[in-house]
Amino acid sequence: MNGLVYDIHRFSLHDGPGIRTTIFLKGCPLDCLWCHNPEAKSFEPQLSFNSNLCTLCGNCEKSCPNNVHQIIDGKHIINFDLCRTSEECVENCPAGALSIIGYSESVEEIMETVNKDRKYFENSGGGLTISGGEPMAQFDFTFEILKRAKESGIHTAIETCGQSTEQRFMKVLPYVDLFLFDYKETDPENHKNYTGVSNKQILKNLELILENGASVILRCPLIPGFNDNEKHFRGIAGLQKKFPSIKLIEIMAYHNTGRDKAEKIGLVNPLKDLSSVSESEKKMWINSLTRLGCTNVTFG
Amino acid sequence: MKYNFFTELKFTSAYKEYINAHPAIREAMCLKAQYPDYFDGITEGDLLAGRIQHGLIGFSPDEWGPTAFGYYCLTTEIEKHLKENDYSTEQRTEIEEILEFWSTENTSFKLRSRYTEEMKKYLPSDDWMNQSGIAFPLYRLTGGTPDFSTLLKLGIPGLRDKITKLLESADAESKDPDFYRGLLIALDVFVNVIDFYIDNVKQLLGKETGQSRISDLEKLLNVLEAVKISKPRTFHEALQLFWLYTFLGDVRNYGRMDMYMGDFLASDIDNGIITEEEALRLVQSLWKLMVDRHTVVHNRVIIGGRGRRNEKNADRFAMLALEASRTVLAIEPQLSLRIYKGMNPEVYEKALDVIGEGRTFPILYNDDVNIGSVVKAFEFNKLDAEQYVPYGCGEYIIEHESFGTPSGVINLLKALEVTLHNGIDPMTGKEAGLALGDFNSFKSFGDLWNAYNKQVEHFVRLMAEQEVLEYKVAGETAPFLFMSMLYGECLDSGKGMFSGGIKYLGGTLETYGNTNTSDSLLAIKKLVYESNSVPKGELLQALDSDFEGYELLRKKLLDVPKYGNDNNEADNMVSKVHEHVCTYVREQKDRVGLHSYLVVNINNSANTLMGHSTSASADGRKSCMSMNNGNNPTSGYDKNGVTAMLNSLVKPRTDIHAGAVQNLKFSKNMFREKRDILKSLLQTYFDNGGAQAMITVVDKDDLRSAMKEPEKYQHIFVRVGGFSARFVELARDIQEDILTRTLY
Ligand code: SF4
Ligand code: SF4
């Protein structure tokens, strides 16, 4: 069985405990305004262009059968819509400015890579994390990896936005040691505006797995001007009150590090001008959350 | 080094006077002429006596300049000195006569003049730092680590007694009495040197007014007077005797210091003779003196490890040594910690603290791998192998039993380059190796592989022969008295180290460009022979033009898997290249008559210097760029994170060579806040067969360099606000932002 992967990070220290290998799957059902991995949204491979590296040599223009590239007046113009990801341009770019994001990989290949660091996992209490994109969206693939890993004694985690069916969550539950579960917005209307979907199903899923004994770290992206408000903070605190088994609340403070990523794949970043969260703002958030009764809050 | 007309003259006269005397007597008289003159006075703050400024003519086993070992004369420097200074015509004539005399009397000249025709043809130059070539001889007898325990146990009087007895029975046992006579004169020289420093301290005391310095100097005076007449009784005396001896023997690597110093330290502290703080001050002073010795690639101090007779006391010294390295901010000594399962965890934690502060020391050696490797590679038994010590840039020997100077360097990448050009070095256009056919005639990758092997083997044979010849000439020239009095079976047999006095006389050959060569071979194999996507002629043109106009081809070469990413294909090629050269080198020992002859894959600046004269290579490396360092991947070619790199590092065999080194880089944050992760990472690496690690802690400067040369810093991942990125792929202003934040 194959899945669409866009990166594998070995020695990943931020997606669960210990030394981990994180598999990034391509494709996500949500469309968050603040998405810091826009290249992970589409379920298809796609062309990426790094203008910093381009020497304007024109090879891509010559080699592309679909007229995607044009060099006009010293400017490299790309019509991403025409691209069929046939890779001729990538192969002919001497500067490494072009690449195709997303490649097909089998469960076996993934497990072979994961197993290479097995001893590191064992000695550090680490393991495998599937991230994305949304791992639950390539369900069969994700399920198969988790099952194999779990059965061979590797600690497993998934990082999920929570958008999937209850059946699927119940199915993976026995094979997931830790859920890094996103909680983006408390107000269902706002949630829809920010991410394209309501949070109803997501919350249902969260409650379902918690009721069934899942180990959960709640990951809360906080975006100034969007969800850093009292109502949402109360929502976070309320969740933890209701489910004391939520081990940890990880605040993912907005950072504009991924600012230019959208442009590389021909998209527009709607929050291009939003700057990163300051340390003082972060402190205020922590204060508010603790005041509302949250415990175990950290920054991820 | 300095020029001292009077001493150089005195030295030359002594040599001439004893030119036909027994080599031991000649050496002893020459030592007497050069010491204590070449010693330098005590400097403010020194708690131990012993500084040196060797002269431009002299005697030493180790090198005092390129090709300057044994009896040496640095002609060019003397000529330069003559030009810049006033000397009378008479003096000038005298100096010119001396230069004329030494031009044929210096040891490396004698060695070179005995090269075979083949050696002369293929090893035409000794200037490996500046000239292009596949292999170069080195002229030095370095890395010897004598029996310091015995030195400290017997002291000068004890050694004198022992040698005197041996001299008395020499004739009866048909041993060489002159060898012992030479040794006794050498001990007189030792005493002369102590006297020199006694005078020096007395003079300083006459001028000194600061109370605390006076007290330090008075202590030093007592110590010097004591070691002159008796064996060392205190830690301070032991350090002093040891330190002066290292100059006399020109010993630049100090072996298992914790073992031979541990008991002195423990007994002094336990008996209230010295406090911990005073002991630390002494070691700090020693460390500073080592720095000022400017040996660059030596000054190895070994602590830790299996097979220490006094483990507890030794560990007390080890802790002190670590603290000294933490507090003396310097690039030397090269403190090296041998680690093993069951070692004192306090020592290991302390070592990580020191490394975490960015000291790059201690270098870690994994006994649980290395002892077994030494048993196999050198064919030693386990007990002997436990006494292995790394010296210099990382070669192993068995302390005071074996010797294995690296007497040559071989540039494997140049061997491939010359092979691809049918014997011609494209850098010079001259013949530089065997002509084994042009690239086109290699119909399969196997043909190319065989030709490359032949090329390397040809030079390995020559280097092995050169090593033996070097020992032969050295043995005929001198017994190297100071080292021989504490080495192998020299004393009992009445023979110098290189005249049959040690059982385990071995050699080593430094290899460079191992990784580049392997990555290049794999690229050629895949693109030229397997996918036929690159024609041979085009590849050669691309290499010859340093990829100008061949950027796309270079990109293809770069895209072929590289060592350091846990990619089996790439790592297997490295293992194959490694195994070939290591095995072939190792096989030479029986042919040339050495106890062992082994590859060392080590770290110094040779990868850069020899890189300067090596053309573009098929791994995508540009002309004149550095080659890879030791067993490391080429900088910037490892892109899969640290576990992948470590997994690659453990693949080449460790039991067929005499040492290999690897550099690892971590962030300070990792050491401070993720110590548990770091420890498990290192533990896994060592469990997996990691033999050695030199750990640099990366700080902001690395990020700055990454902004300047992104291609070399692919491996730096940064973590900000919930997602990871390769630092070099971020926009400039974001990089700058991160620079002001923490790494990882
Ligand atoms: S081939 Fe690469 S370097 Fe050349 S114009 Fe296209 S993107 Fe730029
Ligand atoms: S991937 Fe193919 S279709 Fe897309 S731009 Fe490149 S050459 Fe054109």
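What counts, and at which threshold
Residues numbered from 1 in each chain as written. Chains lettered and ligands numbered in written order. Predicted model: local features only at pLDDT ≥ 70, side-chain atom pairs only at ≥ 80, totals over all residues. Heavy atoms only, no water. Buried < 20%, exposed > 50% of the residue type's maximum accessible area, 1.4 Å probe, protein only. Helix = DSSP H or I, 4+ residues; strand = E, 2+ residues; numbered from the N terminus. Patch = residues over 30% accessible without salt bridge, like charges linked within 9 Å, V, L, I, M, F, W, Y side chains within 5 Å. Areas by Shrake-Rupley, 256 points an atom, 1.4 Å probe, with all protein chains shown as cover. Salt bridge = Lys/Arg side-chain N within 4 Å of Asp/Glu carboxyl O. Lys, Arg positive; Asp, Glu negative; His and termini not counted. Charge placed at Lys NZ, Arg CZ, Asp CG, Glu CD. Axes fitted to C-alpha atoms, helices over the stretch in contact; angles between N-to-C directions. Parallel < 35°, antiparallel > 145°, perpendicular 65-115°, else oblique. Left-handed = near helix turned anticlockwise from the far one by under 90°. Contact = heavy atoms within 4.5 Å. Nonpolar A, V, L, I, M, F, W, Y, C, P; charged D, E, K, R; others polar. Polar contact = N/O pair within 3.5 Å; in protein donor to acceptor, adjacent residues only side chain to side chain. Near = heavy atom within 4 Å. Domains from an automatic or database assignment. Buried area = accessible area lost by both parts, 1.4 Å probe. Pairing = 2+ DSSP bridges. Core = buried A, V, L, I, M, F, W, Y, C linked by side-chain atoms within 4.5 Å.

**A closer look at helix H17 (residues 412-420) of chain B**
Residue and element names in this part refer to chain B.
For step 1, the next point in the chain: Taking burial as the measure, the 9 residues of H17 include 9 buried ones, the bulk of the element.
For step 2, the next point in the chain: Within H17, burial applies to Leu412, Leu413, Lys414, Ala415, Leu416, Glu417, Val418, Thr419 and Leu420.
For step 3, the next point in the chain: Looking one or two residues past H17, Asn422 carries a phi angle of roughly 50 degrees, positive in sign.

**Some details on a positive patch on the surface**
Residue and element names in this part refer to chain B.
For step 1, the next point in the chain: There is a patch of like positive charges on the surface, built from Lys153, Lys162, Lys231 and Arg309.
For step 2, the next point in the chain: Secondary-structure assignment places Lys153 in helix H7 (residues 148-170).
For step 3, the next point in the chain: Taking relative accessible area as the criterion, Lys153 reaches 60% and is therefore assigned exposed.

**Here's the deal with the packing of helix H22 (residues 514-530) of chain B against helix H25 (residues 568-592) of chain B**
Residues and elements named next belong to chain B.
For step 1, the next point in the chain: Two elements in contact, H22 and H25, have axes separated by 9 Å at closest approach and are oriented at 120 degrees. Relative to H25, the element H22 lies oblique. Crossing handedness for the pair H22 and H25: right-handed. Listed contacts from H25 to Asn514, Ser518, Leu521, Leu522, Lys525 and Lys526 of H22 are Glu569, Ala570, Met573, Val574 and Val577.
For step 2, the next point in the chain: When the residues that make up the contact of H22 with H25 are grouped by side-chain class, the tally is 6 nonpolar, 2 polar and 3 charged.

**Describing the environment of Ser124(A)**
For step 1, the next point in the chain: Checked against the element boundaries, Ser124(A) lands in helix H4 (residues 118-124).
For step 2, the next point in the chain: Note: C-alpha distance between Ser124(A) and Ala95(A) (29 residues apart in sequence) is 39 Å.
For step 3, the next point in the chain: Residues in contact with Ser124(A), not counting those within four places in the same chain, are Gly18(A), Ile19(A) and Ser680(B).
For step 4, the next point in the chain: For Ser124(A), the side chain forms a polar contact with the main-chain nitrogen of Ile19(A), separated by 2.9 Å.
For step 5, the next point in the chain: From its side chain, Ser124(A) meets the backbone nitrogen of Gly126(A) in a polar contact 3.4 Å long.

**Some words on the site of ligand 1**
For step 1, the next point in the chain: If you check the shell around ligand 1, you find 13 residues, and the closest are Cys54(A), Cys57(A), Gly58(A), Cys60(A) and Cys93(A).
For step 2, the next point in the chain: Residue composition of the shell around ligand 1, by class: 9 nonpolar, 4 polar and no charged.

**A few points about the domain arrangement of chain A**
All names here are of chain A.
For step 1, the next point in the chain: For chain A, the assigned domains read domain 1 (2-43 + 102-299) and domain 2 (48-101).
For step 2, the next point in the chain: The centre of domain 1, based on its C-alpha atoms, is set 33 Å off from the matching centre of domain 2.
For step 3, the next point in the chain: Roughly 560 Å² is buried in total at the junction of domain 1 and domain 2, and carbon and sulfur atoms are behind 61% of that figure.
For step 4, the next point in the chain: Three residues, Gly102, Lys264 and Ile265, lead the burial of domain 1 against domain 2; their summed loss comes to 72% of the area buried on that side.
For step 5, the next point in the chain: Inspection of the region where domain 1 meets domain 2 yields 0 salt bridges.
For step 6, the next point in the chain: At the junction of domain 1 with domain 2, the criterion picks out 1 residue pair in polar contact (both at pLDDT 80 or more).
For step 7, the next point in the chain: Tallied by class, residues from the side of domain 1 that touches domain 2 come to 2 nonpolar, 2 polar and 4 charged.

**Considerations on the sheet that holds strand S1 (residues 2-12) of chain A**
All names here are of chain A.
For step 1, the next point in the chain: Taken in spatial order, the 9 strands make up an open sheet running S7-S1-S2-S8-S9-S10-S11-S12-S13, and their pairing is mixed. Two strands in the sheet have a free side with no partner beyond their single neighbour: strand S7 (103-106) and strand S13 (297-299). Adjacent strand axes in the sheet meet at a mean angle of 30 degrees, parallel and antiparallel pairs treated alike.

**What about the nonpolar core?**
Residues and elements named next belong to chain B.
For step 1, the next point in the chain: Phe190, Phe235, Met257 and Trp287 are the most contacted members of the largest nonpolar core, which totals 255 residues.
For step 2, the next point in the chain: Among the elements that take part in this core, helix H8 (residues 177-207) stands out by supplying 16 residues, more than any other.
For step 3, the next point in the chain: Ignoring anything within four residues of it in the chain, the contact list for Phe235 reads Met261, Phe264, Leu265, Asp268, Ile274, Ala279, Leu282, Val283, Phe317 and Leu320.

**Concerning the interface of chain A and chain B**
For step 1, the next point in the chain: Contacts between chain A and chain B engage 37 residues on the former and 37 residues on the latter.
For step 2, the next point in the chain: Counting the surface lost from both chain A and chain B, the interface buries some 3100 Å², and carbon and sulfur atoms represent 56% of this.
For step 3, the next point in the chain: Across the chain A-chain B interface, the total number found is 1 salt bridge.
For step 4, the next point in the chain: A salt bridge links Arg10(A) to Asp566(B), with the shortest nitrogen-to-oxygen separation between them at 2.5 Å.
For step 5, the next point in the chain: There are 8 residue pairs in polar contact (both at pLDDT 80 or more) connecting chain A and chain B.
For step 6, the next point in the chain: Counting only elements with at least two residues in the side of chain A that touches chain B, the list comes to S1, helix H2 (88-92), H4, strand S12 (246-253) and helix H10 (261-264) of chain A.

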